Amino acid sequence: MTDVPATIQERIALPGPVPPRQSVGATTVTAGDLLAMIRRRTVLIAILFVLLSGAAVGGYVILHKYFPRYSAEAYVECISNLPQVDVGVQENRLRKDEHERFIQTQAKRLTTPDILSQTLQLNTVRETNWYAEIPPGEHIKQLGDDIAAGPMRGTNFLRVAMSTKSAADPHVIVNELVKVWLNVVTNQSSDKFQQRLDKARQELERINTRINEKRTQLRRLEEQLPPGASQQELNPTALKAKDYQTQVAALELELAQLNQFRSVYSDPSGVGITAEDRAAVESDPQVLQLANNVFLMEQQIEADRQKFGENHDVVKTMQTQLAVAEDRLEAKRIQLLLERQADMKEAVDTAYYNTQAALFDANERLALVQAELRDQDQTLFQINTLKDEIENDQIEKEKLNTAVIDLQRVVLEKSAITVDFTQNAVPPIERSFPSLLMLPLGIVLALGLAVGIGLLVEILDTSVRTPQDIVRHLDVAMLGVIPDIDDEEIDIAQVETAVRDSPRSMVAEAFRRVRTNLQFSAPAARQRTILITSPRPEDGKTSVAINLASVMAQGGRRVLLVDANFRRPKLSRIFPDVGSRGLSNMLVGEGSLTSYAVSSGTPMLDILGSGPIPPNPAELLGGEMFATFLEDATSRYDHIIFDSAPVLLASDALVVSTAMDGVILTVRAHENS
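Right, let's walk through the structure included here.

What counts as what
- In this convention, every chain numbers its residues from 1, walking through the sequence in written order.
- Reporting of local features is limited, given that this is a predicted model, to residues whose pLDDT is at least 70; pairs of side-chain atoms are given and counted only at 80 or more, and all residues count toward the totals for whole chains, interfaces and linings.
- Only hydrogens and water are removed before side-chain values are computed, so all heavy atoms of the structure are retained for them.
- Counting from the N terminus, the helices are the DSSP runs of H or I reaching at least four residues and the strands are the DSSP runs of E reaching at least two.
- Remark: exposure states derive from per-residue accessible area (1.4 Å probe, protein chains only) relative to the maximum for the residue type, with buried under 20%, exposed over 50%, and partly exposed in between.
- Whether two residues are in contact is decided by their heavy atoms, any of which lying within 4.5 Å being enough.
- Under the convention used here, a 1.4 Å probe and the Shrake-Rupley method define accessible areas, while residue burial counts only the protein chains that appear.
- What qualifies as a polar contact is a pair of N or O atoms within 3.5 Å, subject to a donor-acceptor requirement within protein and to the restriction that residues adjacent in sequence count only when both atoms come from side chains.
- Throughout, an axis means a line fitted to C-alpha atoms (over the contacting stretch in the case of helices), and angles, computed between N-to-C directions, take values from 0 to 180 degrees.
- Oblique is the label for any angle not covered by the other classes, which are roughly parallel (under 35 degrees), roughly antiparallel (over 145) and roughly perpendicular (65 to 115).
- When residue character is reported, Ala, Val, Leu, Ile, Met, Phe, Trp, Tyr, Cys and Pro are called nonpolar, Asp, Glu, Lys and Arg charged, and the others, Gly included, polar.
- Only when DSSP finds a minimum of two bridges between them are two strands counted as paired.
- For our purposes a nonpolar core is just a set of buried Ala, Val, Leu, Ile, Met, Phe, Trp, Tyr and Cys residues, chained together by side-chain atoms within 4.5 Å.
- By definition, a salt bridge exists where a carboxyl oxygen of Asp or Glu is found within 4 Å of a side-chain nitrogen of Lys or Arg.
- Here is the rule: rings of Phe, Tyr and Trp (six-membered ring for Trp) pair when centre to centre is within 6.5 Å. Planes less than 30 degrees apart are stacked, more than 60 are edge-to-face, and the remainder are tilted.

## What to know about the overall build of the chain
Next, step 1: In terms of regular secondary structure, the chain is built from 25 helices and 10 strands.
Next, step 2: Expressed as a percentage of the 673 residues in the chain, the buried residues total 38%.
Next, step 3: Here the contacts in the chain between residues at least 6 apart in sequence split such that 79% fall between residues at least 24 apart.
Next, step 4: Summing over all exposed atoms, the chain offers an accessible surface of approximately 38300 Å²; the carbon and sulfur share of this is 55%.

## Some words on the side chain of Ser 166
Next, step 1: For Ser 166, the position within the fold is in the loop between β3 (157–164) and α9 (170–186).
Next, step 2: A polar atom in the side chain of Ser 166 sits 3.2 Å from the side chain of Asn 129.
Next, step 3: Contact partners of Ser 166, with chain neighbours within four places excluded, come to Tyr 70 and Asn 129.

## Concerning the packing of helix α5 (residues 113–120) against helix α8 (residues 139–146)
Any two packed helices are characterised by the angle at which their axes cross and by the distance between the axes.
Next, step 1: Packing of α5 against α8 leaves a shortest axis separation of 10 Å and a crossing angle of 110°. Judged by the inter-axis angle, α5 sits roughly perpendicular to α8. Within the contact between the two elements, α5 uses Leu 116, Ser 117 and Leu 120 and α8 uses His 139, Ile 140, Leu 143 and Gly 144.
Next, step 2: Counted by class, the contact of α5 with α8 contains four nonpolar, three polar and no charged residues.

## Some words on the sheet that holds strand β9 (residues 639–643)
Next, step 1: Ordered by their spatial adjacency, six strands build an open sheet running β7-β8-β6-β9-β5-β10, and the pairing between neighbours is mixed. Only two strands of the sheet have a single neighbouring strand rather than two, namely β7 (598–599) and β10 (662–665).
Next, step 2: Summarising the sheet, strand β6 (residues 559–563) and β9 pair through five bridges and their orientation is parallel. When the bridges of β9 are listed, Leu 560 appears paired with Ile 640.
Next, step 3: Running at roughly 135° to β9, helix α24 (residues 624–636) makes contact with β5 (529–533), β6, β8 (605–608) and β9 of the sheet.

## Here we look at the pairing of β3
Next, step 1: Where strand β2 (residues 148–151) meets β3, four bridges bridge the pair, whose relative direction is antiparallel. Bridging across to β3, Gly 150 finds its partner in Arg 159.
Next, step 2: Between β2 and β3, which follow one another and run antiparallel, lie five residues, and Gly 154 among them has a positive phi close to 85°.

## Focus on the nonpolar core
Next, step 1: Counting residues in each nonpolar core, the largest one holds 31 residues, and the members touching the most others are Ile 532, Leu 548, Leu 561 and Ile 641.
Next, step 2: Of all the secondary-structure elements, those providing two or more residues to this core are α17 (498–501), α18 (506–521), β5, α19 (541–554), β6, α20 (571–574) and β8.
Next, step 3: Among the elements that line this core, the one with the most residues is α19, at eight residues.
Next, step 4: Apart from residues no more than four positions distant in its own chain, Leu 548 is found in contact with Phe 511, Val 514, Arg 515, Leu 518, Ile 532, Ile 641 and Ile 664.
Next, step 5: Core analysis: the next-biggest nonpolar cluster, separate from the first, contains 29 residues, Val 125, Leu 143, Leu 158 and Val 178 among them.

## Some thoughts on the pattern of salt bridges
Next, step 1: Going through the model one piece at a time under the given rule, you end up with 19 salt bridges.
Next, step 2: Here Arg 159 ties to Glu 73 by a salt bridge, and the two come within 2.7 Å at their closest N and O atoms. Pair noted here: Arg 159 is in strand β3 and Glu 73 is in strand β1 (residues 70–80), with a separation of 86 residues, a long-range link.
Next, step 3: The salt bridge partner of Arg 305 is Glu 302, with a shortest N-O separation of 2.7 Å. On the criterion of helical spacing, the pair formed by Arg 305 and Glu 302 is a turn pair, its members being three residues apart in helix α13 (residues 285–308).
Next, step 4: It is possible to trace a salt-bridge network through shared partners that takes in Arg 210, Lys 214, Glu 389 and Asp 393.

## Describing unusual backbone geometry
Next, step 1: Phe 433 connects to Pro 434 through a cis peptide bond whose omega is -5°.
Next, step 2: Here Pro 434 lies in the loop between β4 (417–423) and α15 (438–460).
Next, step 3: Phi is positive for Glu 538, which is not a glycine, with a value near 60°.
Next, step 4: Examined against the element boundaries, Glu 538 turns out to sit in the loop between β5 and α19.
Next, step 5: In this structure, Met 604 takes a positive phi of about 75° despite not being glycine.
Next, step 6: Take Met 604: it is sitting in the loop between β7 and β8.

## Let's talk about the side chain of Thr 602
Next, step 1: For Thr 602, the location among the structural elements is in the loop between β7 and β8.
Next, step 2: Judged by its relative accessible area of 8%, Thr 602 is buried.
Next, step 3: In this structure, Thr 602 is in contact with Arg 500 and Ala 553, ignoring residues within four places of it in sequence.

## Observations concerning the packing of aromatic side chains
Next, step 1: Considering all chains together, one arrives at four aromatic pairs under this definition.
Next, step 2: For the pair Tyr 352 and Tyr 353, a centre-to-centre distance of 5.6 Å together with 70° between the ring planes defines the contact as edge-to-face.
Next, step 3: Assessed through its relative accessible area of 45%, Tyr 353 is described here as partly exposed.
Next, step 4: With a centroid separation of 5.8 Å and 50° between ring planes, the pair formed by Phe 626 and Phe 642 is classed as tilted. Pair noted here: Phe 626 is in helix α24 and Phe 642 is in strand β9, with a separation of 16 residues, a long-range link. With respect to burial, Phe 626 and Phe 642 carry one shared label: buried.
Next, step 5: In this structure an aromatic cluster arises from ring pairing among Phe 626, Phe 629 and Phe 642.

Written out as structure tokens, the structure is:
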């Protein structure tokens, strides 16, 4: 229960689309929600703010009184005389940030143990309060921790600063430290730069020797090449190779044709005989003579056939002679064709072997020219490689020349750095720590921390605190809010019977509002059977069930209040008239509703106890006997209200809810999640 009032909009779901359900983690927190959280935690935030502000003020006072710090700082301008090119390196050593890195190096050198030790040997430093407060043997470490040295970005200045508890110490120590460092820097020897100079000169001499050797080798290679060898279109060897390639291609084509002719004239079937061969045979004198004889005999036979007839002996004799003449003619032709074929084959073979020999000779010449051309290409490759190496050596030589010039300058100047004590450290006018600005800043931080802790406590508290939590996270109608009896002006002996015992109390009026909202939430025909449950025990569901049944009975409705909590029945303790037999007996077929229901003392309200606790409550409540009981009860009463077990501890309420017209979930403020 809660003592926070609820508006009618929060208690009754308004018409319209139901917003999508959101989990607690997915709920969007608005500015209004944050303000509401702050208002709910105002007392906690105020207490935390007072405590944290007091701690901030107290801390400031303690720091101001016991831990003051006075600062002093000096500025030194540093200009590097180091060579711009490092020996043997192909690119500049110092880049865009060369000044900053150089000054950082000098700052690191300033805090080296050697310089710190020399500074601590000075009497002016030993006489300071800072030196007296440091334990013996800790001075070098403490001075290294207290000194802050670093470059000022975008300039050549090195800033050296120190803070001490005494205003008379920091400027003295800073000035002495800078003087010691300046003496060390200005007295640096140039021996290492002389060594680098000698090394650079030796390297330069080696590079010159290497360049001369490569140039000599380059000239020898160039003399081995014919004029124009470096240009493909003018290289005589390349042109020769091109001509030989053309000859080889032509000879290969000719050889292929001759090989084809050889296969033709080598065919014994005579398939290879051409029309030209046949014409040459026909023009032979012997063939012409025989062909003329055959023609004359054919003329004579035709004349004899006309003169003597087809079957005359003269005709037959002439025909026999004609056949012999034709055979002789054909034999002669074949003889001459074979002779011509043999002659042609011999000629083709001779041409084939000659061409083959020419091709072999051309291939040899081509191979020699190509080998010569490959040698020239290898020589050209060596020449180009030498030229590239000479060019790289020239670049390295130029860089070494620059390095030699820079190193000579450093050696002559006897210094690698130019320093100028631009500003000495002066005595501090006011303390640097703690600053007065820390006081308002601490108060602001205290306020922010207090609000943050309050919001964190509010966010981590996942209990139901306001009706808005129900509306925000659940898509159900809010029927009402019952105030806590501690806020009640009228004494209430027990909250379970508040409506009956104290009808004019705020609690009773709250239950009447719940009854009114319940009547408007659904038609009366759909409010016959109502289940009252809660997430956990001690959430007030029994009190809600009894008081809601009482106000509904006071409204003129016949109401039956049923104790369906077989786990921990309570109605028998509140109403003494309720016997030991009740709902469980009816569900196993023992007795009837009229024999177990008793009057509550409130008109129109009867009570039905739970009866003996069964071993299987869920099975009984989900059986057919329970449906029979509901049918009998709804025929006798306008409303049947069930007080059930908590839903998070038992499944009884879930089983019964399937047969109910509605379910009322009782949530206890600051107790339920």
